[in-house]
Amino acid sequence: MCGIVGYVGRHRAGNLMLDGLKRLEYRGYDSSGMAVLTANGLDLVKRTGRVKNLEEALTESQLGGSLGISHTRWATHGDVTEANAHPHLSSDGKIALVHNGVIENYLGMKKFLVGKGYSFRSETDSEALANLIAYHYAKEPEESGKNRFLESVRKSLQHVEGTYGIAVICTDAPDELIGARKGSPLIIGIGKGENLIASDVNAITHCTQNVVYLNDNEVVHLHNDDFSITTVSSKNVEAVIHQVDWDTTEAELGDYHHFMEKEIFEQPTALENGMRGRFSDDSSTAVFGGLNLSPQELRHVDRILFLACGTAWHACLVAEYLIERYARIPVEVEYASEFRYRNAPLDKNTLVFAISQSGETIDTLAALREAKRKGYRTLSINNSVGSTIARECDGGIYQHAGPEIGVASTKAFTSQIMLCAMVALYLGRLRDLSYGDGVDIVKALKQLPELIRDVLGQSDKVAAIAKQYASYEDCLFLGRQLMFPIALEGALKLKEISYIHAEGYPAAEMKHGPIALISEKCPSVFLATSGEIFQKSLANIQEVKARKGKVICIATEECDIPEDLIDDLILVPECHEIIKPILMSIPVQLFSYYVALERGCDVDKPRNLAKSVTVE
Ligand code: F6R
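Residues numbered from 1 in each chain as written. Predicted model: local features only at pLDDT ≥ 70, side-chain atom pairs only at ≥ 80, totals over all residues. Heavy atoms only, no water.

**Q** Can you help me understand the domain arrangement of the protein in this one?
**A** For interface size, the figure often reported is the accessible area lost on association. By the assigned domains, the protein splits into domain 1 (3-245), domain 2 (251-456) and domain 3 (460-616). Placing the centre of domain 1 and that of domain 2 at their C-alpha centroids yields a distance of 34 Å. Taken residue by residue, the interface counts 11 residues in domain 1 and 12 residues in domain 2. Summed over both sides, the interface of domain 1 with domain 2 buries roughly 910 Å², with 49% coming from carbon and sulfur. Linking domain 1 with domain 2 are one salt bridge, by the criterion used here. (Domains from an automatic or database assignment. Contact = heavy atoms within 4.5 Å. Buried area = accessible area lost by both parts, 1.4 Å probe. Salt bridge = Lys/Arg side-chain N within 4 Å of Asp/Glu carboxyl O.)

Written out as structure tokens, the structure is:
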């Protein structure tokens, strides 16, 4: 949520930052801006709308400076206006700052600074920090022997309540870039004769693969050729440089029209990468390298608590079914945002699992910290190597699904479910799951990529069906048992990218209220799988049909569905129960994607949303 790129070096900062901003646009896209120090002083350009608007406004000289900061915004305080876009300048014109996060005590700060003669142009909390740094800078004695700019940033941060990831420059310091973080991700890119700051690895891999992940309460001071890290209270910190193993082409669109489309079609490979090397030699269980818990310790776990938000929370609901069924361990699933403020009593043998694609979602991170504070073992499943959640957990599993750029999560969701299925298998085999059952599950998981390819082969058919339903304004997604979380996910996908009001329900719950919504104006997407509850699902379809509701049925091949009961049918291959939630998700994703396309929506950048929610 909001993206930051800063540069100090010998090259054209503007060009490099612009490339970075384009890669970060999915983090926020209501406005963007850039401040570059040029021969003529500090040059500031801001535009509302997409990064291309900023690009059109930048001049040769602005692009040419070799120190700068830039930002792409997702509004928290204040409307979407040029004045509210970042960077923000201090009123004396000396300090420029970009900020992600929320400064909770900014009103008090503002009052104090106005009293000291500083003025404000925007409605943002961030501008208060720019002015506070300028205030401390003006007060810092020239001859203190300390770096004046750095001291003023540190002093100001000591007064901040809330969260921040910032990049700051000062007109008196033409080769210095300062960054700091608390609760909002920030990384440093170490180049040759140049260094960068960004909120996301993705923004700098075109310049360097060497990165340092900044921790909370740390401040980095960068020059062309060196950098140092201290804490806000001036303690030295030893930097650990990591090499990111990132294929930059993975974050490019290639021949696809949208990242969402690309990511839906990448699922066979994304899942293959996630399972590679993670099965035992006898193919009867899963193996994970990074859990940092021995099989003995895991045998003592008597409850698992999953924490997540949004789509990842839906993946947790699938995990609940699978782990309870195959490993016989009770599971609870909590919205991270709710858990963090509840004083939930947990047993000492509870294992806490956080699921997050980005590894930076603030609510998930805060809930995880709360669980850690209480002394629980924490593990995570996430897709971003080096992310804060991955670093702060006791152990975890990387998804290896490749960068997910589309704001609506697709391949990360199915990869999370697959890894949850593998966790269920692993924990089950540590307990009572038989060798034969384990072998069957491994076989099913290995078949997944091919089966997904089969379903993707029906994309034209799904597109044709989606076209018929694109003009409706309401839609229900209904499913039982393992299909209930997929129904929730289907409703979320449809509403977030096509702005159709959609709700997911357990199909049998219909009778307890939502059935009142059914009419010829509200179609239902039914998710039906073969097996013991198929007849019950059929009965629920009948209930909808009897009330003139249109029915789109997504079903596994062995489901025998009378033709007159449904309007449209999409079949997926019959398969082992454990992989059904994944296969059934594919038509649901395609349906939402094609409906949104038909409605002319901006699929990758839906209104009001941004990838990776780093504010509460
Ligand atoms: C919806 C979507 C969001 C995310 C949620 C959590 O398509 O992508 O609901 O799932 O914001 O994000 P992560 O997984 O990064 O913690």
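**Q** Help me understand the pattern of salt bridges in this model?
**A** Where charged atoms from two side chains of opposite charge approach closely, those side chains can pair. With the rule as written, the count across this model stands at 26 salt bridges. Glu 332 is the salt-bridge partner of Arg 303, the closest N and O atoms lying 2.4 Å from each other. You can see Arg 303 sitting in strand E16 (residues 303-308) and its partner Glu 332 sitting in strand E17 (residues 331-335), a full 29 residues away along the chain. Glu 450 is the salt-bridge partner of Arg 453, the closest N and O atoms lying 2.9 Å from each other. Placement of the pair is Arg 453 and Glu 450 together in helix H15 (residues 435-456), with a separation of three residues, close to one helical turn. The exposure class of Arg 453 is partly exposed, given its relative accessible area of 32%. The network of salt bridges with shared partners includes Arg 181, Asp 216, Arg 369 and Glu 392. (Helix = DSSP H or I, 4+ residues; strand = E, 2+ residues; numbered from the N terminus. Buried < 20%, exposed > 50% of the residue type's maximum accessible area, 1.4 Å probe, protein only.)

**Q** For this particular structure, what's the right way to read the environment of Ser 156?
**A** On the secondary structure map, Ser 156 appears in helix H6 (residues 148-157). For Ser 156, a relative accessible area of 0% translates into the label buried. For the pair Ser 156 and Ala 130, spaced 26 residues apart in the sequence, the C-alpha separation amounts to 9.1 Å. Dropping the residues within four chain positions of it, Ser 156 is found in contact with Leu 129, Leu 132, Ile 133 and His 136. Among the polar contacts made by the side chain of Ser 156, one reaches the main-chain carbonyl oxygen of Leu 132 at a distance of 3.4 Å. (Polar contact = N/O pair within 3.5 Å; in protein donor to acceptor, adjacent residues only side chain to side chain.)

**Q** Please clarify how the environment of Lys 605 should be interpreted in this entry.
**A** By secondary structure assignment, the location of Lys 605 is in the segment after helix H19 (580-598). A C-alpha to C-alpha distance of 35 Å links Lys 605 and Lys 545, two positions 60 residues apart in sequence. Excluding its chain neighbours within four sequence positions, the residues that come into contact with Lys 605 are Glu 25, Tyr 26, Tyr 29 and Arg 50.

**Q** Could you clarify how one ought to interpret the side chain of Thr 378 in this entry?
**A** With respect to the helices and strands, the residue Thr 378 is situated in strand E19 (residues 377-382). Owing to a relative accessible area of 0%, Thr 378 belongs among the buried residues under this scheme. Apart from the residues lying within four places of it in its own chain, the contact partners of Thr 378 are Val 352, Leu 368, Ala 371, Lys 372, Glu 392, Cys 393, Asp 394 and Gly 395.

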